[in-house]
Amino acid sequence: MNPLQRLVQALLNVRAFSTLRYREYRLLWFGQAFGTMGTLMDEVTRGWLIYEITDSVVQLGMVRGIMVIPYVFLAPLAGSAADRYSRKAQLMVAQLSNVLVYAVTAALVLTGNIQPWHVYVSAFLAASGQVFQQPARASMVSGSVPREFITNAIGFNSLMFNFSRAAGPALAGALIVITGTGGAIAVQALFLLAAIVFTVPLRPAPHPPRSGGAGSESFFASIIEGWKFSWQNRSVRAALACVMLASFFIVPFTTMLPVYARDLLQVGAQGQGFLLTGMGVGAFFSAALVASSGHRLPRGLLMMVGSVCYGVSILLFAASPWFALSVAAMVAAGLSHVYCNVLVNTIVQTYSPAEFRGRSMAIFGMHQAVITVGAMVYGLLSTIEGARWSVAMMGAAGILSLLMLNHAMPEAKRIR
């Protein structure tokens, strides 16, 4: 065995990396790595593009607001479809649609024909693709490893996601400076195309048992069954409530980053990329803990404590007048983000049987719609009170709401 083989074997013996022994998970992981890089670049490129065209703080929130429509109306259909039909086919079609969306948007920007309505239409279509990808991929990930490795697998996915969160926005900011917004969006399309290369070799996943309304009744009936299950299962209900509150009050603060970067901190697009990179670095380290520790973590306790700490970190960000302190606050936000998002993801998947997993993960995916509504509130508040006060007020409200949830559902802390 040569030195490289020994190194690979040693890494695979580490619990965090051991999930890569499983072929299907490995393909899903690499596919998601490229897809996530392209998607997270959008946090910089889309916001910068609409702000560049319109110079409007309100439209920063509104361009994310248009993305709420697919998450509200299409997510239940996407979850039911993932429990009925080929999850691989659903993932492939959704990925291809997003490649086309970003390629056309890049062409419009590069030719000078981009208009604000183009940005809104592409936001809607990109969100639609993400809606159908999420429950299909999540269900495939949890089915690609043994049950005792689910937390490790999702944690390792988060490790990759947060590496992309660190690298993607910084790359997008640098590309905007070098090639303009159109060049950055073209690179996004190439990353998403690379993701398809790893999706093609996946074996079609076996269908889960046909119960709970999936496959035997109408889409509407199976959607209702999925909602009933998620409400009746106390662990799933507590986890979903936690992520929804954090998603409305806390997570959308990143919508205000172009205002902070350009007007308050005066660091430009590249500075905005570094702020998101700081968040990614913090999240990377907490994701590494989740990937290494797996089921040994007190997931419920960390989920609740982490979400409150998330709110505290954005209060610090709102008050910070210095770029270095703002980056430090973003690192703290990233550390907390994993605990109130990734651990919710693992709890929902762990406590959902295979026949309900697509639908329960579709409900989890709807937190993206809640983020979008929150982003719109941030945008409207910023026009009244300014960006700093909008972030501070929403952060404080988020902390209060999560403390109330902890009081109403004390058993959430005991979820393992």
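Computed from a predicted model, the values in this text were never measured in an experiment.

Novice: Lay out the overall build of the protein chain in plain terms, naming residues and giving numbers.
Specialist: Of the regular secondary structure elements, the protein chain holds 18 helices and zero strands. Evaluated residue by residue, the protein chain yields a buried proportion of 58% over its 416 residues. Considering only contacts in the protein chain between residues 6 or more positions apart, those separated by 24 or more positions represent 86%. For the protein chain, the exposed area adds up to about 16,000 Å²; of that, 71% sits on carbon and sulfur atoms.

Novice: Pulling in residues and values, what's your account of the pattern of salt bridges?
Specialist: Counting across every chain of the model gives four salt bridges. Between Arg 203 and Glu 24 there is a salt bridge, with its nearest N and O atoms 3.4 Å apart. Pair noted here: Arg 203 is in the loop between α9 (150-199) and α10 (219-232) and Glu 24 is in helix α3 (residues 23-54), with a separation of 179 residues, a long-range link. For Arg 203, a relative accessible area of 48% translates into the label partly exposed. Among the salt bridges present, the one from Asp 42 reaches Arg 46, with a minimum N-O distance of 2.9 Å. Taken together, the residues span about one helical turn, with Asp 42 and Arg 46 both in helix α3 at a distance of four residues. Looking at Arg 46, the relative accessible area reads 4%, which means it is buried.

Novice: With reference to specific residues and values, describe empty space enclosed by the protein.
Specialist: Tallying each qualifying case throughout the model produces four cavities of 30 Å³ or more. Counting only elements with at least two residues in the lining of the second largest cavity, the list comes to α8 (116-143) and α16 (354-365). Take the lining of the second largest cavity: its biggest share by element is three residues, from α8. Class assignment of the residues belonging to the lining of the second largest cavity gives a composition of six nonpolar, two polar and no charged.

Novice: So what about the environment of Phe 163? Which residues, and what values?
Specialist: In this fold, Phe 163 is placed in helix α9. As a C-alpha pair, Phe 163 and Gly 280 span 117 residues in sequence and 6.3 Å in three-dimensional space. Discounting chain neighbours no more than four positions away, the residues touching Phe 163 are Met 37 and Phe 284.

Novice: Residues and numbers for the packing of aromatic side chains, please.
Specialist: A complete count under the given rule lists six aromatic pairs for this structure. A ring pair is formed by Phe 248 and Phe 249, whose centres lie 4.8 Å apart and whose planes are at 90°; its orientation type is edge-to-face. The exposure class assigned to Phe 249 is buried, which follows from its relative accessible area of 17%. Look at Phe 253 and Phe 317: their rings are 5.6 Å apart centre to centre, the planes differ by 65°, and that puts the pair in the edge-to-face class. On the criterion of sequence distance, the pair formed by Phe 253 in the loop between α11 (234-249) and α12 (257-264) and Phe 317 in helix α14 (residues 299-319) is long-range, its members being 64 residues apart. Given a relative accessible area of 1%, Phe 253 falls into the buried group.

Novice: Any details on the environment of Leu 159? Residues and values, ideally.
Specialist: Within the element layout of this structure, Leu 159 appears in helix α9. With 125 residues separating them along the chain, Leu 159 and Phe 284 place their C-alpha atoms 5.4 Å apart.

Novice: Go over a nonpolar patch on the surface with me, naming the residues and quoting the values.
Specialist: A cluster of nonpolar residues, Val 58, Met 62 and Leu 380, forms a patch on the protein surface that exposes about 230 Å² of accessible area. Summarising the element assignment, Met 62 is placed in helix α4 (residues 57-65).

Novice: Now, about the packing of helix α7 (residues 87-110) against α8: what can you tell me, with residues and values included?
Specialist: Relative orientation of the contacting elements α7 and α8 amounts to 155°, with a least axis distance of 8 Å. Classed by the angle they form, the pair α7 and α8 counts as roughly antiparallel. Once α7 is placed against α8, the crossing between them reads as left-handed. Each residue belonging to the contact of α7 with α8 can be placed in one class, and the counts come to 11 nonpolar, 11 polar and three charged.

Novice: Can you break down the layout of surface pockets residue by residue, with the values?
Specialist: Of the pockets and cavities examined, the second largest pocket occupies roughly 190 Å³. Along the walls of the second largest pocket sit Val 72, Trp 227, Ser 230, Trp 231, Arg 237, Leu 240, Met 244, Ile 363, Met 366, Ala 369 and Val 370, which together make up its complete lining. Contributions of two or more residues to the lining of the second largest pocket are made by α10, α11 and α17 (367-385). Each residue belonging to the lining of the second largest pocket can be placed in one class, and the counts come to nine nonpolar, one polar and one charged.

Novice: Any details on α7? Residues and values, ideally.
Specialist: In a regular helix each residue adds 1.5 Å, so 24 residues correspond to 34 Å; α7 covers 35 Å between its end C-alpha atoms and thus fits that length. Count one or two residues on from α7 and you reach Gly 112, which has phi positive near 75°.

The rules behind these values
- Each chain has its residues counted from 1, running along the sequence as written.
- Reporting of local features is limited, given that this is a predicted model, to residues whose pLDDT is at least 70; pairs of side-chain atoms are given and counted only at 80 or more, and all residues count toward the totals for whole chains, interfaces and linings.
- For the side-chain quantities, the full set of heavy atoms in the structure was used; hydrogens and water were omitted.
- Secondary structure counts use DSSP, requiring at least four H or I residues in a row for a helix and at least two E residues in a row for a strand, with both numbered from the N terminus.
- The cut-offs for exposure are 20% and 50% of the maximum accessible area for each residue type, with area from a 1.4 Å probe on protein chains only; residues under the lower value are buried, those over the upper are exposed, and the others partly exposed.
- The contact criterion used throughout is that any non-hydrogen atoms of two residues lie within 4.5 Å.
- Surface accessibility in these figures is a Shrake-Rupley result with a 1.4 Å probe; residues are shielded only by whichever protein chains are displayed.
- We define a salt bridge as a side-chain nitrogen of Lys or Arg found within 4 Å of a carboxyl oxygen belonging to Asp or Glu.
- A pocket here means an open set of points on a 1 Å grid, computed over the protein atoms alone, that has protein on both sides within 12 Å along at least five of seven lines. A cavity is instead a set of points where a 1.4 Å probe fits but cannot get out; residues with an atom within 4 Å of a point line either one.
- Grid points are joined across faces, edges and corners, and a volume is the space filled by probe spheres set on the points.
- For this classification, the nonpolar set comprises Ala, Val, Leu, Ile, Met, Phe, Trp, Tyr, Cys and Pro, the charged set comprises Asp, Glu, Lys and Arg, and every other residue, Gly included, is treated as polar.
- Note on aromatic contacts: the rings of Phe and Tyr and the six-membered ring of Trp form a pair at centre separations within 6.5 Å, being stacked when their planes are under 30 degrees apart, edge-to-face when over 60 apart, and tilted otherwise.
- Surface patches are drawn from residues lacking salt bridges whose relative accessible area is over 30%; two like charges belong together within 9 Å, two nonpolar side chains (Val, Leu, Ile, Met, Phe, Trp, Tyr) within 5 Å.
- Note on geometry: axes are C-alpha line fits, over the in-contact stretch for helices, and angles between N-to-C directions span 0 to 180 degrees.
- Convention used here: angles under 35 degrees read as roughly parallel, angles over 145 as roughly antiparallel, angles from 65 to 115 as roughly perpendicular, and any remaining angle as oblique.
- Two helices crossing with the near one rotated counterclockwise from the far one by less than a right angle form a left-handed crossing, whereas a clockwise rotation gives a right-handed crossing.
- To estimate how far a helix should reach, multiply one less than its number of residues by 1.5 Å.

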